[in-house]
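The lines below spell out each chain.
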Amino acid sequence: MSGYVGILVSDPCLQNQFTQVELRSLKSHFTSMRRENGKLTLGDLASRICRLKVVGENLSDQETTDFIAALYPNFNDEVYLKLHAHASSRTGNPAKNSSAFLKAATTTLLHTISESEKASYVAHINNYLAQDGFLNKYLPIDPSSNDLFEIVKDGVLLCKLINVAVPGTIDERAINTKRLLNPWERNENHTLCLNSAKAIGCTVVNIGTQDFIEGRRHLVLGLISQIIKIQLLADLNLKKTPQLVELVDDSKDVEELMSLPPEKILLRWMNFQLNKSSYKKTVTNFSTDVKDAEAYAHLLNVLAPEHSNPSTLAVKDPLQRAKLVLDHADRMGCKRYLTAKDIVDGSPNLNLAFVAHVFQHRNGLSTQTKQISFLETLPDDAQVSREERVFRFWINSLGNSTYIDNVFEDLRNGWILLETLDKVSPGIVNWKVANKPPIKLPFKKVENCNQVVKIGKQLKFSLVNIAGNDIVQGNKKLILAYLWQLMRFNILQLLKNLRSHSHGKEITDVDILRWANTKVSNSGSQSRMDSFKDKSLSDGIFFLELLSAVQPRSVNWSLVTEGVTDEQKKMNATYIISIARKLGCSIFLLPEDIIEVNQKMILTLTASIMYWFLKQPVEEKPAATSDSENGSQLETLSNSTTDDSASESSVE
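Residues numbered from 1 in each chain as written. Predicted model: local features only at pLDDT ≥ 70, side-chain atom pairs only at ≥ 80, totals over all residues. Heavy atoms only, no water.

Asker: How would you explain the overall build of the chain if you had to name every residue and give the values?
Answerer: The helix and strand inventory of the chain stands at 33 helices and zero strands. Expressed as a percentage of its 652 residues, the buried residues of the chain come to 53%. For the chain, contacts bridging at least 24 residues in sequence account for 61% of all contacts bridging at least 6. Accessible surface computed for the chain: about 30100 Å², of which carbon and sulfur atoms make up 50%. (Helix = DSSP H or I, 4+ residues; strand = E, 2+ residues; numbered from the N terminus. Buried < 20%, exposed > 50% of the residue type's maximum accessible area, 1.4 Å probe, protein only. Contact = heavy atoms within 4.5 Å. Areas by Shrake-Rupley, 256 points an atom, 1.4 Å probe, with all protein chains shown as cover.)

Next comes the structure, spelled out in structure tokens:
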């Protein structure tokens, strides 16, 4: 309803009637009423406006009602103000402003959704979740209805969809799947969903659990579109599809290909196949360049000539050609995600989904090529790959201006690093000397990165032999070292800012270790960790004890294994991560990080649990935690050493 209020008080007609002070007062009334009743209807407006001094003195309730009705004659009683037509006239085709695959989620006062996109996403959900034991009573969803927005209100469907996109992300034992969920259990599911969505690369800035509980359509579709995009583009990398090396000529080009975002690889693949045909244009986007359907006709002829129709390229009408293209795709088993009208309209989301689906079904690349030998010469460091993933998703979760696909490539101009530093420590960046992209001159990139290094030293990072040019050159080891220290600083800063707990003192690795052991010990358990690289942590039992200590009802111990075999350790690790996210911890590690006791990721996990617990209001903390216990822990934190090097747990 905040969008409703924002539109109303910004209306020029009302601004002519009321002063800014009065409008702020009016907005305050509306906000208060929303807190009280959860909704605001058109019928409420007159009585609320009449509370304003000037209006109340000069206009009756009826006169105010008539005035509002004259301004907005076609509004229903309980809907957002219907200004879609006005928004379209100012911003262009509504389809262009709908929830997008290719753009990060945004929050504006006016939102439109594409019915074609909704129908496509519903079809995707019906197809991939049809056999799910819990959801089959709700599926198939009718794409012409708004049932989707009702079904997502319990959070189960979105969690299941995340697991379809990236299998194993959520331990389904952690999802609340009772037939009737109470509000607290629904909120847990949505918290688990949002934190897991961030962990697979979705942008969920300005989206909260309440948005899903209220079924806010543009936000629901925005998240679903990102999840489906991740699923459809999952194979567009050399690890999953090594045959992609056929797109390049030498090992240097392979490295460049590895750094490209999936959408760019998909476009390169499409143009690679089109070069085998008589089509002479280069496709640069999934909108205007494909809306005449000619590129699709040539592409499908190359990939599946046995299903081609000679009349497809002969017809003049783009809509008719698009229909023939989809007939061709249907014969290939690929007619999904869009209609002929979607092609002609140039819907970027649905066209991307269509091409990605074609790639998954038939990519036309050679299964045997000498070029695959290039891959054998490239370093395959699983640890580097996992850390790059963690830092990439963490940076994207902060809501910077640009979504990054590879930290070693996308951070080289320094701009996103400066934005991240400003998010972590507001005001620390000197934007007057920063160079905003696009940056063509190399020395301008070096200037940005020099400031990044300078700020790092100001924050007391260990940056021996690191210069701005190392970041510009994409030095992986140094970039990872910087990002780890930045992420660690952010976590410690969040803990320090809980002044009621830390008394404004610096929080150290020693404090985090001591806090975790104290919590587990006070819960009656004998488990403890000697450091963040304690190999005994690999079975996961300590962290399950810690989660149970901070929220006794969070762990279902009947689901916990002994953690002896590798499989048992993995089951515990996935359960730990899902329970922590379900509570509200924003974490990006993988089960392997717990099993292998990755010192850095173990620290972030422990600190995130600590931060979640300490920021809870006292009345919401578990009853088992007494005031005296809290007091002693907090006093311990405030008096602890600030010398990280004094502890073995300090991460280098």
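Moving on from the model shown.
Asker: Kindly report on the packing of helix H10 (residues 156-165) against helix H11 (residues 183-199), identifying the contributing residues and their values.
Answerer: Between H10 and H11, whose axes approach to 8 Å, the crossing angle comes to 30 degrees. Here H11 runs roughly parallel to H10, going by the angle between their axes. Note on packing geometry: the crossing formed by H10 with H11 is left-handed. For the pair H10 and H11, contact is made by Val156, Leu158, Cys159 and Ile162 and by Asn189, Leu192, Cys193, Ser196 and Ala197, respectively. Among the residues forming the contact of H10 with H11, the class breakdown is seven nonpolar, two polar and no charged. (Axes fitted to C-alpha atoms, helices over the stretch in contact; angles between N-to-C directions. Parallel < 35°, antiparallel > 145°, perpendicular 65-115°, else oblique. Left-handed = near helix turned anticlockwise from the far one by under 90°. Nonpolar A, V, L, I, M, F, W, Y, C, P; charged D, E, K, R; others polar.)

Asker: Outline empty space enclosed by the protein, listing residues and values.
Answerer: Enumeration over the complete set of coordinates arrives at one cavity of 30 Å³ or more. Quantified by volume, the largest cavity comes out at close to 30 Å³. Around the largest cavity, the lining residues are Tyr296, Ala297, Leu300, Asn301, Asn309, Thr312, Val325 and His328. Contributions of two or more residues to the lining of the largest cavity are made by helix H16 (294-303) and helix H17 (318-332). Grouping the constituent residues of the lining of the largest cavity by class yields four nonpolar, four polar and no charged. (1 Å grid on protein atoms, 1.4 Å probe; cavity = no way out; pocket = protein on both sides within 12 Å on 5 of 7 lines; lining within 4 Å. Points joined across faces, edges and corners; volume = space filled by probe spheres on them.)

Asker: Could you give an account of the packing of helix H15 (residues 262-274) against helix H19 (residues 348-361), naming the residues involved and the relevant values?
Answerer: Running from N to C, H15 and H19 cross one another at 65 degrees; their axes reach a closest spacing of 11 Å. Here H15 lies roughly perpendicular to H19, going by the angle between them. Along this stretch, H15 crosses H19, giving a crossing that reads as left-handed. Across from Glu263, Leu266, Trp269 and Met270 in H15, the residues of H19 making contact are Leu352, Val355, Ala356, Val358 and Phe359. Across the contact of H15 with H19, the residue classes tally to eight nonpolar, no polar and one charged.

Asker: Tell me about the state of the cysteines, and please be specific about residues and values.
Answerer: The tally for this structure, following the rule as stated, stands at zero disulfides. Cysteine 159 carries a free sulfur, and the closest cysteine sulfur to it, the one in cysteine 193, is 5.1 Å from it. Judged by relative accessible area, cysteine 159 falls into the buried class, the value being 0%. Taking relative accessible area as the criterion, cysteine 193 reaches 0% and is therefore assigned buried. (Disulfide = S-S within 2.5 Å.)

Asker: So what's going on with unusual backbone geometry? Which residues, and what values?
Answerer: Following leucine 139, the chain continues to proline 140 via a peptide bond in cis, the omega torsion being 0 degrees. A cis geometry characterises the amide bond from proline 437 onward to proline 438, with omega recorded as 0 degrees. With respect to the helices, strands and loops of the structure, proline 438 is situated in the loop between helix H23 (415-424) and helix H24 (442-458). The phi dihedral of lysine 460 is positive, around 70 degrees, even though this residue is not glycine. Mapped onto the elements of the fold, lysine 460 is located in the loop between H24 and helix H25 (468-472). One non-glycine residue with positive phi stands out, namely asparagine 465, at about 65 degrees. Inspection of the secondary structure assignment puts asparagine 465 in the loop between H24 and H25.

Asker: Explain the pattern of salt bridges to me, and be specific about the residues and the numbers.
Answerer: One pass over the full model with this rule turns up 23 salt bridges. Here aspartate 345 and lysine 341 are joined by a salt bridge, their closest N and O atoms 2.7 Å apart. One end of the pair, aspartate 345, and the other, lysine 341, are both in helix H18 (residues 340-345), four residues apart, so they sit about a helical turn from each other. Classification of aspartate 345 as partly exposed rests on a relative accessible area of 37%. Taking the shortest distance from any N to any O, the salt bridge between arginine 514 and aspartate 511 comes out at 3.7 Å. Of this pair, arginine 514 and aspartate 511 both sit in helix H28 (residues 509-522), three residues apart, which is roughly one turn of that helix. Residue classification places arginine 514 among the partly exposed positions, given a relative accessible area of 33%. (Salt bridge = Lys/Arg side-chain N within 4 Å of Asp/Glu carboxyl O.)

Asker: For the nonpolar core, give the residues involved together with the corresponding values.
Answerer: Counting 168 residues, the largest nonpolar core has Leu223, Leu266, Trp269, Met270 and Leu421 as the members making the most contacts within it. At 12 residues, the largest contribution of residues to this core is made by helix H26 (residues 476-496). (Core = buried A, V, L, I, M, F, W, Y, C linked by side-chain atoms within 4.5 Å.)

All quantities given are derived from atomic positions and should not be read as evidence of function.
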